[in-house]
Amino acid sequence: MSLRINETAPDFTAETSQGTIHFHDWIGDGWAILFSHPKDFTPVCTTELGYMAGLKPEFDKRNTKIIGLSVDPVSSHEKWQGDIEETQGHKVTFPMIGDPELKIAKLYDMLPAASGTTSEGRTAADNATVRTVFVVGPDKKIKLMLVYPMSTGRNFDEVLRVLDSMQLTAKHKVSTPVNWKPGGDVIIAGTVSDEEARQKYPEGWKAPKPYMRIVKQPK
């Protein structure tokens, strides 16, 4: 199953470090970030989980839940969390999914069907493709996918920036330009006619080209 942006995120039931969840029910009416790891007790992932734990208050402000996944059992996650807090200085307070039968990794197209049915005996290199960030909207559709190699730590400040952009553009008929940051100028969406734009932006806009209508970020 190949996943694409704007498709419904596959639903699942799983054991986590905070009990059993039904993914869509767990998301509720907000946003969610599911980020995966090839194995517990791996150094790069340890830094990532710790950083996300520190960022959690920022995601909370944006009505966004965080959930991690690793293809090891929950009992292993619980031990790993101690290392994360000790080395990174942040306690993991979001759930971590156990996927020892590789079901969710396959459901989300991070491992091929031929990968077997157990994480036992598999190395991090065997699971190297389980390194994806999925952002899921309140409509349960995939809004973003980022895939990283094992050797490169993910930039979760960028995930926060993209989330700000997606929440802004979901509320207003705008797009955000290259390297946009909150408070920066935005672009009126192409689906908005000039007549409609004049009603919303009576002060006008900058237009270096007719298809580039630049305005200040809506509040």
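Check the entry above for the structure.
Keep in mind that what you see is a predicted model, and the values were worked out from it rather than measured.

> Mind showing me how you'd approach the overall build of the protein chain here?
Assigned secondary structure in the protein chain consists of six helices and eleven strands. In terms of overall dimensions, the protein chain has C-alpha extents of about 60 × 40 × 30 Å along its principal axes. Counting all 219 residues of the protein chain, 46% fall into the buried class. In the structure as shown, the protein chain presents an accessible area of about 11,200 Å², 53% of it carried by carbon and sulfur atoms. For the protein chain, the centre of its 27 positive side-chain charges and the centre of its 28 negative side-chain charges are spaced 8 Å apart.

> I tried to follow the pattern of salt bridges on my own but got confused; where do I start?
Within this structure, the stated rule accounts for 14 salt bridges. With a closest N to O distance of 2.9 Å, Asp139 and Lys143 form a salt bridge. Take Asp139: its relative accessible area is 41%, and that puts it in the partly exposed class. Using a relative accessible area of 23% as the deciding quantity, one classes Lys143 as partly exposed. Through salt bridges with shared partners, a single network forms among Glu58, Lys61, Arg62 and Asp164.

> Even after reading the chapter, I still don't get the packing of helix α2 (residues 43-61) against helix α3 (residues 74-88), so can you show me in this structure?
As a packed pair, α2 and α3 sit with axes 9 Å apart at the nearest point and diverge in direction by 75 degrees. Judged by the inter-axis angle, α2 sits roughly perpendicular to α3. Only Trp80, Ile84, Thr87 and Gln88 of α3 make contact with α2, whose side of the interface consists of Cys45, Thr46, Thr47, Leu49 and Gly50. Broken down by class, the residue content of the contact of α2 with α3 amounts to four nonpolar, five polar and no charged.

> Explanation requested: the sheet that holds strand β8 (residues 174-175) in the structure shown.
Remark on secondary structure: sheet strands pair via backbone hydrogen bonds, oriented parallel or antiparallel. One open sheet accounts for four strands, arranged β8-β9-β11-β10; its pairing is antiparallel. Both outer strands of the open sheet, β8 and β10 (206-209), are each paired with one neighbouring strand and no more.

> What is the right way to look at helix α5 (residues 156-171) in this model?
Every α-helix carries 3.6 residues per turn, so stepping three or four residues along brings you back to the same face. Spanning 16 residues, α5 covers 23 Å between terminal C-alpha atoms, matching the ideal 22 Å at 1.5 Å per step. Within α5 the residues assigned to the buried category are Phe156, Val159, Leu160, Val162, Leu163, Asp164, Ser165, Met166 and Leu168. Capping of α5 at its N-terminal end is provided by Asn155; its side-chain oxygen lies 3.1 Å from the backbone amide nitrogen of Asp157.

> Sorry if this is basic, but what is going on with the packing of aromatic side chains here?
For any two aromatic rings, the description comes down to two numbers: the centre-to-centre distance and the angle of the planes. In the structure shown here, the tally under the stated rule is seven aromatic pairs. With 6.2 Å between their ring centres and 40 degrees between their planes, Phe41 and Trp80 make a pair best called tilted. You can see Phe41 sitting in the loop between β3 (31-37) and α2 and its partner Trp80 sitting in helix α3, a full 39 residues away along the chain. The exposure class of Phe41 is partly exposed, given its relative accessible area of 43%. Ring centres of Tyr108 and Phe134 lie 5.0 Å apart, and the angle between their planes is 70 degrees; on these two criteria the pair is classed as edge-to-face. Here Tyr108 is found in the loop between α4 (103-107) and β6 (132-136), whereas its partner Phe134 is found in strand β6, with 26 residues between them in sequence. Given the relative accessible area of 1%, Phe134 is considered buried.

Rules used in this analysis
Residues numbered from 1 in each chain as written. Predicted model: local features only at pLDDT ≥ 70, side-chain atom pairs only at ≥ 80, totals over all residues. Heavy atoms only, no water. Helix = DSSP H or I, 4+ residues; strand = E, 2+ residues; numbered from the N terminus. Buried < 20%, exposed > 50% of the residue type's maximum accessible area, 1.4 Å probe, protein only. Areas by Shrake-Rupley, 256 points an atom, 1.4 Å probe, with all protein chains shown as cover. Lys, Arg positive; Asp, Glu negative; His and termini not counted. Charge placed at Lys NZ, Arg CZ, Asp CG, Glu CD. Salt bridge = Lys/Arg side-chain N within 4 Å of Asp/Glu carboxyl O. Axes fitted to C-alpha atoms, helices over the stretch in contact; angles between N-to-C directions. Parallel < 35°, antiparallel > 145°, perpendicular 65-115°, else oblique. Contact = heavy atoms within 4.5 Å. Nonpolar A, V, L, I, M, F, W, Y, C, P; charged D, E, K, R; others polar. Pairing = 2+ DSSP bridges. Expected span 1.5 Å × (residues − 1). Polar contact = N/O pair within 3.5 Å; in protein donor to acceptor, adjacent residues only side chain to side chain. Phe/Tyr/Trp six-rings, centres within 6.5 Å; stacked < 30°, edge-to-face > 60°.

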